[in-house]
Amino acid sequence: MSGVKYARSEMLYEGKAKRLYATDDPEVVLVEYKDSFTAFNGEKRAEMSGKGRLNNLISSRIFEYLAKNDVPLHFIERVDELRQLAVRVRILPLEVVVRNITTGSIVKRLGAEEGRRLPRPLLELYYKDDALGDPIVTEDHALIFGWASEEDLSEIKGITLRVNGLLKDLFAPLGVVLVDFKLEFGRDSRGALLLADEISPDTCRFWDSSTGDRLDKDRFRKDLGDVLGAYEEIWRRLSGRDG
Ligand code: TMP
Ligand code: ASP
């Protein structure tokens, strides 16, 4: 245990899927996962009891695995079914997406064929701004507008591609194809770059490797039904037991 007192206190921030609370340690925040689903920049919403628990369990388990593989993380430890402790960071306004297989916005935007395995991982940057609908940007935008430095971008790309390999290795034996995912990064009080936010079926696309079933938030986005069943299934496979 970290020894930090995490008695719930001042709420620092409420996002679409999580709330952040201050702790007694100014460098540490308590992250609480909510039962809310949102998609299409918050246009579509729903509450589903048990969603916060599953994303907290899944995200914590993935972060524990990445920590063992020396990925620099804001995650400290899972506290209980809904909450985890994390290093307080200033989030860079970039969403970093990796695609292994074409689906989602790249099909809409570029007319790419659906479900095509790409010859190598495709890394994209989006400017994190809800009002603008998180537009896709280039590295030059990030540099010129000061969202990240050259060093940040090279570190971010290195970590992101490593995480892609690690996640593929984690999920392949579980019969899950890692189609694509989104990462966010932050900087701690000493300026170190840390992988932040969450890694869950909200932020990844997972396809069952034998049936092709969608085991992620696309079930909510596209009204495919049994949304929580899919999250439950990811947790069941990750934990090796029933959730
Ligand atoms: P996209 O195909 O809609 O651009 O999504 C690519 C990946 O990024 C997919 O795994 C879902 C994830 N994602 C988020 O985590 N948050 C978002 O706001 C969006 C648009 C996508
Ligand atoms: N995360 C975004 C939203 O909540 C979009 C998405 O994931 O589809 O609106």
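From a predicted model like this one, the values you see are computed outputs, not experimental measurements.

Trainee: Hey, could you go over the side chain of arginine 237 for me, with residue numbers and the actual values?
Mentor: Inspection of the secondary structure assignment puts arginine 237 in helix 6 (residues 227–239). A polar atom in the side chain of arginine 237 sits 3.1 Å from the backbone oxygen of glycine 175. Apart from residues no more than four positions distant in its own chain, arginine 237 is found in contact with Leu174, Gly175, Val176, Asp208 and Leu215.

Trainee: I'd like to hear about the pattern of salt bridges, residue by residue, with values.
Mentor: A full pass over the atoms with the stated rule returns 27 salt bridges. As a salt-bridge pair, glutamate 14 and arginine 19 come within 3.3 Å of each other at their nearest N and O atoms. For glutamate 14, a relative accessible area of 39% translates into the label partly exposed. With relative accessibility at 24%, the residue arginine 19 sits in the partly exposed group. A salt bridge links glutamate 124 to arginine 99; the shortest N-O distance between them is 2.9 Å. Taken together, the residues glutamate 124 in strand 10 (residues 117–127) and arginine 99 in strand 9 (residues 94–101) connect sequence positions 25 residues apart.

Trainee: Kindly report on the packing of helix 1 (residues 51–68) against helix 6, identifying the contributing residues and their values.
Mentor: Packing of helix 1 against helix 6 leaves a shortest axis separation of 10 Å and a crossing angle of 30 degrees. Relative to helix 6, the element helix 1 lies roughly parallel. Note that helix 1 runs across helix 6; the crossing there is left-handed. Between helix 1 and helix 6, the residues in contact are Lys51, Arg53, Leu54, Asn55, Leu57, Ile58, Arg61 and Ile62 and Leu228, Tyr231, Glu232, Ile234, Trp235, Leu238 and Ser239, respectively. Looking at the contact of helix 1 with helix 6 residue by residue, the class counts come to nine nonpolar, two polar and four charged.

Trainee: Please provide a residue-by-residue account of the nonpolar core, values included.
Mentor: In this structure, Ile62, Leu66, Val163, Leu167, Phe171, Leu195 and Ile199 are the most contacted members of the largest nonpolar core, which totals 49 residues. Apart from residues no more than four positions distant in its own chain, leucine 66 is found in contact with Val71, Leu73, Val163, Leu166, Leu167, Leu195 and Ile199. By size, the runner-up hydrophobic cluster in this structure holds five residues, among which are Tyr21, Val28, Leu30 and Leu85.

Trainee: Report on the sheet that holds strand 6 (residues 75–78), specifying residues and quantitative values.
Mentor: Strand pairing in a sheet relies on backbone hydrogen bonds, with the paired strands running either antiparallel or parallel. Ordered in space as 1-2-3-7-6, the five strands form an open sheet in which the pairing is antiparallel. Each having just a single partner strand, strand 1 (11–14) and strand 6 make up the two edges of the open sheet. With direction set aside, neighbouring strand axes in the sheet form an average angle of 25 degrees. The pairing of strand 2 (residues 18–22) with strand 3 (residues 28–33) spans five bridges and is classified as antiparallel. Across the sheet, residue tyrosine 21 finds its bridge partner in strand 3, namely leucine 30. Lying over the sheet, helix 1 contacts strand 3, strand 6 and strand 7 (83–87), oriented at roughly 125 degrees with respect to strand 6.

Trainee: Can you lay out the site of ligand 1 for me, pointing to particular residues and giving the numbers?
Mentor: Inspection of the region around ligand 1 gives 15 residues, with Arg99, Ser105, Asp180, Lys182 and Arg205 positioned closest. For ligand 1, an oxygen atom lies 2.9 Å from a polar atom in the side chain of arginine 205. Notes on ligand 1: free accessible area 450 Å², of which the protein chains cover 77%. Where the shell around ligand 1 is concerned, the elements lending two or more residues are strand 9, strand 12 (176–187) and strand 14 (204–208).

The rules behind each value
Per chain, the residues get numbers from 1 upward, laid out in the order the sequence is written. All chains are assigned letters beginning at A, and all ligands numbers beginning at 1, according to the order in which they are written. In keeping with the model being predicted, local features are shown solely for residues with a pLDDT of at least 70 and side-chain atom pairs are shown and tallied solely at 80 or more, while totals for entire chains, interfaces and linings include all residues. Water and hydrogen atoms play no part in the side-chain values, which are based on all heavy atoms of the structure. Numbering of helices and strands runs from the N terminus, with a helix taken as a DSSP run of H or I at least four residues long and a strand as a DSSP run of E at least two residues long. N or O atoms closer than or at 3.5 Å make up a polar contact, with two conditions inside protein: a donor-capable atom paired with an acceptor-capable one, and, for residues adjacent in sequence, both atoms drawn from side chains. Throughout, a residue-residue contact means that at least one pair of heavy atoms, one from each residue, lies within 4.5 Å. Only one rule defines a salt bridge in this text: a Lys or Arg side-chain nitrogen within 4 Å of an Asp or Glu carboxyl oxygen. Only protein chains enter the accessibility calculation, which uses a 1.4 Å probe; a residue is then buried when its area is under 20% of its type maximum, exposed when over 50%, and partly exposed in between. Axis definition: a line fitted to C-alpha atoms, limited for helices to the stretch in contact. Angles are taken between N-to-C directions and run from 0 to 180 degrees. Here the word oblique covers every angle except those under 35 degrees (roughly parallel), over 145 (roughly antiparallel) and from 65 to 115 (roughly perpendicular). Helix crossings are classified by the rotation of the near helix relative to the far one: an anticlockwise turn of less than a right angle makes the crossing left-handed, while a clockwise turn makes it right-handed. Residue polarity follows a fixed list, in which Ala, Val, Leu, Ile, Met, Phe, Trp, Tyr, Cys and Pro are nonpolar, Asp, Glu, Lys and Arg are charged, and the others, Gly among them, are polar. The set of buried Ala, Val, Leu, Ile, Met, Phe, Trp, Tyr and Cys residues whose side-chain atoms join them within 4.5 Å is what this entry labels a nonpolar core. Strands were regarded as paired on the criterion that DSSP finds at least two bridges between them. Note on definitions. A residue lies near a molecule or strand when any single heavy atom of the residue is within 4 Å of it. Note that accessible areas follow from Shrake-Rupley with a 1.4 Å probe, and for residues the cover is restricted to the protein chains shown.

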